Amino acid sequence: VAVVALVMTGLLRSSLGEEDRSSPSSAGPLPRAASVTATDAVASLAVLRRWDRARSAAWARGDLAALRRIYLPGSTVGTNDVGMLSRWVERGLRVRRMTMQVHAVHLRVRTERRIVLDVTDRLAEAVAVPAGGGRPRALPRDGLTTRRLVFGSIRDGWVLAAVYERPLARTESTSGSANS
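Worth saying up front: this structure is predicted, and the values here are computed from it rather than measured.

Attention shifts here to the pairing of strand β2 (residues 114–130). With respect to burial, β2 is a largely interior element, 15 of its 17 residues being buried. Note that strand β1 (residues 93–110) and β2 share 14 bridges and pair antiparallel. Across the sheet, residue Val105 finds its bridge partner in β2, namely Val119. In this structure, the hairpin formed by β1 and β2 is closed by a connection of three residues. As paired strands, β2 and strand β4 (residues 145–154) are joined by eight bridges and run antiparallel to one another. Pairing of Ile115 across the sheet is with Phe151, part of β4. Across two bridges, β2 lies against strand β3 (residues 137–138) in antiparallel orientation. Each residue of the ladder has a partner; that of Val127, found in β3, is Ala138. Hairpin remark: β2 followed by β3, antiparallel, with six residues in the connecting loop; positive phi at Gly133, about 100 degrees.

Below is the structure:
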């Protein structure tokens, strides 16, 4: 029910003709989102969920090669994530139960080769576990973050190509805030 509500919220915003004025120029111009169908929205959310599960599994195993496979080769975001996992592995730690709690998803674009999503989520649960066994330590939960995720289609499926930080919608228009 929550997933359908999130998807329908995104579709409603799209059908109202909301335009994207803040897309990075490197991502190219975005077509109007009004062409988004419910099927596209649900399928795009499924891509995000599969990607989150694959990332969590790679981190839990300390598997750098598996983590590399879910990113577009040469992408900055992939290089950064693989580097971060490498540092955890070098310290003899694995991160288990890495669960992303998705609060909102807005499908901006879906073509045969590209999916662009605005996602508001947070790391809800994760524990650090010594590789040889030992007592798990809960990692701090993070706050809500909104990002633009750009997935690209390759032979084996969808991979993450780029991530752009975006402010939360409620702080974009807050008069007098530090984010104004």
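So, about the side chain of Thr120. Tracing the chain through its elements places Thr120 in strand β2. Among the residues examined, Thr120 registers a relative accessible area of 13% and is labelled buried. A polar side-chain atom of Thr120 sits 2.6 Å from a polar atom in the side chain of Thr146.

Take the layout of surface pockets next. Of the pockets and cavities examined, the largest pocket occupies roughly 550 Å³. Breaking the lining of the largest pocket down by element, the ones donating at least two residues are α2 (38–61), α4 (76–90), β1, β2, β4 and β5 (157–166). In terms of residue class, the lining of the largest pocket is made up of 16 nonpolar, one polar and six charged.

Take the pattern of salt bridges next. Opposite charge on two side chains lets them pair, provided their charged atoms get close. If you walk through the whole model with that rule in mind, you get seven salt bridges. The salt bridge involving Asp63 is made with Arg61; its shortest N-O contact spans 3.4 Å. We note a salt bridge from Arg148 to Asp118, for which the minimum N-O separation is 2.7 Å. Residue Arg148 is located in strand β4, and its partner Asp118 is located in strand β2; the two are separated by 30 residues in the primary sequence. Each of Asp121, Arg147 and Glu165 takes part in salt bridges that share partners, so that together they form one network.

Cut-offs applied
- Residues numbered from 1 in each chain as written.
- Predicted model: local features only at pLDDT ≥ 70, side-chain atom pairs only at ≥ 80, totals over all residues.
- Heavy atoms only, no water.
- Buried < 20%, exposed > 50% of the residue type's maximum accessible area, 1.4 Å probe, protein only.
- Helix = DSSP H or I, 4+ residues; strand = E, 2+ residues; numbered from the N terminus.
- Pairing = 2+ DSSP bridges.
- Polar contact = N/O pair within 3.5 Å; in protein donor to acceptor, adjacent residues only side chain to side chain.
- 1 Å grid on protein atoms, 1.4 Å probe; cavity = no way out; pocket = protein on both sides within 12 Å on 5 of 7 lines; lining within 4 Å.
- Points joined across faces, edges and corners; volume = space filled by probe spheres on them.
- Nonpolar A, V, L, I, M, F, W, Y, C, P; charged D, E, K, R; others polar.
- Salt bridge = Lys/Arg side-chain N within 4 Å of Asp/Glu carboxyl O.

Taken by themselves, the reported measurements are silent on function.
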